[in-house]
Amino acid sequence: MLALIIGLIPGAGLAQGAGSTMPADPQAGLIPPVPQGPDWPLFPDPGAPRQPVEAVPVGPEEQVVAGLSNSAVAITTSFDGSDILIYGAVRRETPIPEGPLDVIVTIEAPSQPLTIWQKARRFGIWVNTDRVDIGAAPSFYAVATTRPLDQILAPDWDNRYRISLPLVLRAFAGAPEVADTRPYTEALLRLRQQDGHYRVEEGAVTLVQDTLFRTDIRLPANLLEGDYRARIFLLREGAVIDAYAAAIEVRKVGLERWLYRLAFDQPLLYGLMSLAVAVIAGWGASAAFRKLRRA
């Protein structure tokens, strides 16, 4: 009996007491230790080589700050054109550089594809023969400058920003069917210059002390709807040093807008209304002439 009691003493020493909350295994349920990471110094190592500092991009020395008198043009039944005043200033952080400063202002309508036809006389009548398809050409384009355009704008910068009239026509739609397309594009530019839709107004921009500028551009009465784009360029020695762009919203309003949408959304109803107006106008004119004859 004494030997049995002595044999149970080691197990009793390891057993947990009554009411104890400790687990039998001391390591059970514990969070495993997190491996220690590298020690990050609070200050850089004086002996480490210095990293190159990235240069902060610097803007142009001269920048355009501009505004428009009208950012929206409303086309009504009595619309006969609109004048857009474009004004602004040149912002500088340094003294005025040497050399002449020039300003170019353009207003461009949304571009649309078109076809240029050549007419020829066949059997006593004029018919369309050859044609050139233009991928994109604005219906209105105006350029105003401080001096003659060829004296202030270098050709490579003109090709980049497409400022002059010959570069207004964006691209040809497919391969041209004629060998020489230049007469067709020149004819289109000449016709649109004659009706006032393409204009180059040299000397129309007033520049005061190389800082303030302004110009007025007249929009014709037969404008097309769309988002027109106004651009302002600062130039020195033929190079563009800064550019600014703003949008001009041209929309039909009132009765003009209603008739325009009716013609596209419900063409049958628009045709019937046009026919009814024509019949009523003809009957009214006939009745008026009969009364005048009787009188």
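Looking at the overall build of the protein chain
And then number 1: Each helix and strand counted, the protein chain has 6 helices and 12 strands in total.
And then number 2: Across the 295 residues of the protein chain, 31% fall into the buried class.
And then number 3: At a minimum sequence separation of 6, the contacts of the protein chain that also span at least 24 residues come to 70%.
And then number 4: About 20,300 Å² of surface is accessible on the protein chain, with carbon and sulfur atoms providing 60% of the total.

A short note on the nonpolar core
Soluble globular proteins: nonpolar side chains tend toward being buried together.
And then number 1: Of all hydrophobic cores here, the largest spans 29 residues; its most connected members are Ile-84, Ile-86, Ile-107, Tyr-228, Ile-232 and Ile-248.
And then number 2: At the level of elements, β1 (62-68), β2 (72-75), β3 (82-92), β4 (101-108), β7 (141-145), β10 (212-219), β11 (226-236) and β12 (239-252) are the ones that each hand at least two residues to this core.
And then number 3: Those residues within four positions of Ile-84 in sequence are excluded, and the remaining contacts are Leu-68, Ser-69, Asn-70, Val-73, Ile-107, Thr-215, Asp-216, Ile-217, Leu-219 and Ile-248.
And then number 4: Counting residues in hydrophobic clusters, the runner-up holds 26 residues, among them Tyr-141, Ile-152, Leu-169 and Val-240.

Section: a nonpolar patch on the surface
And then number 1: Residues Leu-255, Leu-259, Leu-269, Tyr-270 and Met-273 make up a contiguous nonpolar surface patch of roughly 400 Å² in combined accessible area.
And then number 2: For the nonpolar patch, the secondary structure elements donating two or more residues are α5 (254-265) and α6 (267-294).
And then number 3: At 3 residues, the largest contribution of residues to the nonpolar patch is made by α6.
And then number 4: Inspection of the secondary structure assignment puts Met-273 in helix α6.

As for the side chain of Thr-215
And then number 1: The residue Thr-215 is located in strand β10 in this model.
And then number 2: Reaching out from Thr-215, the side chain makes a polar contact with the backbone oxygen of Ala-204 at a distance of 3.1 Å.

Quick notes on the environment of Tyr-270
And then number 1: Of note, Tyr-270 is situated in helix α6.
And then number 2: Residues Tyr-270 and Leu-259, spaced 11 residues apart in sequence, show a C-alpha to C-alpha distance of 7.9 Å.
And then number 3: In contact with Tyr-270, not counting residues within four places along its chain, are Leu-259, Leu-262 and Ala-263.

Some thoughts on the sheet that holds strand β9 (residues 206-208)
And then number 1: With antiparallel pairing, 4 strands are arranged side by side in an open sheet as β1-β3-β10-β9. Bordering the open sheet on either side are β1 and β9, each of which pairs with just one other strand. Ignoring which end each strand starts from, the neighbouring axes of this sheet average 20° apart.
And then number 2: Bridge count between β9 and β10: 3 bridges; the pairing is antiparallel. Directly across from Leu-207, in β10, lies its bridge partner Phe-213.

Some words on the confidence of the model for the protein chain
As a note on interpretation, predicted positions should not be read in detail where pLDDT is low.
And then number 1: For the protein chain, per-residue confidence averages 81 on the pLDDT scale, and residues scoring 70 or more make up 77% of the total.
And then number 2: Across residues 1-6, where pLDDT falls below 50, the model places 0 contacts with residues more than four positions away in sequence or in other chains.
And then number 3: Low pLDDT, under 50, characterises residues 8-20; the predicted model gives this stretch 3 contacts beyond four residues in sequence or across chains.

Some points on the side chain of Asp-242
And then number 1: Among the secondary structure elements, Asp-242 is positioned in strand β12.
And then number 2: Salt bridges are absent for the buried Asp-242, whose nearest opposite-charge side chain, Arg-91, sits at 7.1 Å.
And then number 3: At 2.8 Å, the side chain of Asp-242 forms a polar contact with the backbone nitrogen of Val-64.
And then number 4: Those residues in contact with Asp-242, other than ones at most four positions away along the chain, are Pro-60, Glu-62, Gln-63, Val-64, Ile-232, Phe-233 and Leu-234.

Quick look at the pairing of β1
And then number 1: Counting buried residues in β1 gives 5 out of 7 residues, a clear majority hidden from the surface.
And then number 2: Bridge analysis of β1 against β3 gives 7 bridges, and the strand direction is antiparallel. Counterpart to Gln-63 in the pairing with β3 is Arg-91.

Points about the packing of aromatic side chains
And then number 1: Scanning the model with the defined rule gives 2 aromatic pairs in all.
And then number 2: Judged by centre distance (6.3 Å) and plane angle (10°), the ring pair of Trp-157 and Tyr-161 falls under stacked. Of the two residues, Trp-157 and Tyr-161 both sit in helix α3 (residues 155-161), 4 residues apart, roughly one turn of that helix.
And then number 3: With a centroid separation of 5.3 Å and an interplanar angle of 65°, the aromatic rings of Tyr-161 and Phe-233 are classed as edge-to-face. With Tyr-161 in helix α3 and Phe-233 in strand β11, the pair connects residues that are 72 residues apart, well separated along the chain.
And then number 4: You can call Phe-233 buried: its relative accessible area is 1%.
And then number 5: Taken together through their ring pairs, the aromatic side chains of Trp-157, Tyr-161 and Phe-233 make up a single cluster.

Reading guide: rules and limits
Residues numbered from 1 in each chain as written. Predicted model: local features only at pLDDT ≥ 70, side-chain atom pairs only at ≥ 80, totals over all residues. Heavy atoms only, no water. Helix = DSSP H or I, 4+ residues; strand = E, 2+ residues; numbered from the N terminus. Buried < 20%, exposed > 50% of the residue type's maximum accessible area, 1.4 Å probe, protein only. Contact = heavy atoms within 4.5 Å. Areas by Shrake-Rupley, 256 points an atom, 1.4 Å probe, with all protein chains shown as cover. Core = buried A, V, L, I, M, F, W, Y, C linked by side-chain atoms within 4.5 Å. Patch = residues over 30% accessible without salt bridge, like charges linked within 9 Å, V, L, I, M, F, W, Y side chains within 5 Å. Salt bridge = Lys/Arg side-chain N within 4 Å of Asp/Glu carboxyl O. Polar contact = N/O pair within 3.5 Å; in protein donor to acceptor, adjacent residues only side chain to side chain. Pairing = 2+ DSSP bridges. Axes fitted to C-alpha atoms, helices over the stretch in contact; angles between N-to-C directions. pLDDT = per-residue confidence, 0-100. Lys, Arg positive; Asp, Glu negative; His and termini not counted. Phe/Tyr/Trp six-rings, centres within 6.5 Å; stacked < 30°, edge-to-face > 60°.

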